[in-house]
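# What the coordinates show
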Amino acid sequence: MQVSGEKLTLKRIFNYIFGLYLITLGVAFSIKSGLGSAPVSSIPYAIDLISVINIGIATFLFHTLLVIIEWILLKNNFSHKHFLQIFVGIIFSIFTSISVSLMNIIPSANNLLIALILTLLSILLIALGLFFYVPTNIIPLSVEGVTQAIAIVTNKPFSKIKVYLDITIVSTALILSYGFLGQIGSVGIGTILGALLIGTTVKYIHKLNLHITGNNVNLKKM
């Protein structure tokens, strides 16, 4: 079987699933830290806080909107397989539930230092997840799909666009939370650190991998 003209090997499938799960584990650590949700979940969580729409439906709507934006950006270069990003979002939510449940075995952060350690671990796990699953070129999450689309259209590095997009998502979540609730809501210092550092961490993981293996991983392949 082939996906995107490439043979669908067990290694690609493993990297894809493993990468997705690492991201959800990172999201779970961000929640456990108590310093704000990871950037990828900040808008759905803000919608959950300010409306009767629960976070599951909000996540579905958010992912669908991003797929539409991606379609508009890529036009004729948009692959119909990327509509399946909405389905992958459902799998992502299941993995997130599992990861969040696992956090019950970890004591809550009772001081700022531990909370920051959990936040940095969250950032590392999300960046590693991106590094594993994006290059498999199977079906990206809509957040990475739209990041890839912007990177392709602007001819900018994936890691740099990731930072810009995360900052935009967090800023939108902050505006929604403060505008409707009068407080920062889903956004905290951990969210801001994630927006600033996840893309940069992906870049350095890529450089380290290139140095060790000599393999230049393509993060803009769709």
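Residues numbered from 1 in each chain as written. Predicted model: local features only at pLDDT ≥ 70, side-chain atom pairs only at ≥ 80, totals over all residues. Heavy atoms only, no water.

### Some words on the layout of surface pockets
Space inside the largest pocket adds up to approximately 430 Å³. Considering the residues around the largest pocket, the lining is formed by 22 residues, among which Val-27, Ile-31, Ser-41, Ile-55 and Thr-96 are closest to the centre. Elements supplying a minimum of two residues to the lining of the largest pocket: helix H1 (10-33), helix H2 (39-50), helix H3 (55-74) and helix H4 (85-102). Here the element with the most residues in the lining of the largest pocket is H2; it accounts for 5 residues. Across the lining of the largest pocket, the residue classes tally to 8 nonpolar, 13 polar and 1 charged. (1 Å grid on protein atoms, 1.4 Å probe; cavity = no way out; pocket = protein on both sides within 12 Å on 5 of 7 lines; lining within 4 Å. Points joined across faces, edges and corners; volume = space filled by probe spheres on them. Helix = DSSP H or I, 4+ residues; strand = E, 2+ residues; numbered from the N terminus. Nonpolar A, V, L, I, M, F, W, Y, C, P; charged D, E, K, R; others polar.)

### Quick notes on the nonpolar core
Of all hydrophobic cores here, the largest spans 35 residues; its most connected members are Tyr-16, Leu-20, Leu-130, Tyr-133 and Val-143. Contributions of two or more residues to this core are made by H1, H2, H3, H4, helix H5 (112-133), helix H6 (142-154), helix H7 (158-181) and helix H8 (189-213). The element best represented in this core is H5, accounting for 6 residues. Setting aside residues up to four positions removed in sequence, Tyr-16 forms contacts with Val-88, Tyr-133, Thr-136, Ile-138 and Ile-139. By size, the runner-up hydrophobic cluster in this structure holds 7 residues, among which are Leu-22, Leu-25, Ala-28 and Leu-125. (Core = buried A, V, L, I, M, F, W, Y, C linked by side-chain atoms within 4.5 Å. Buried < 20%, exposed > 50% of the residue type's maximum accessible area, 1.4 Å probe, protein only. Contact = heavy atoms within 4.5 Å.)

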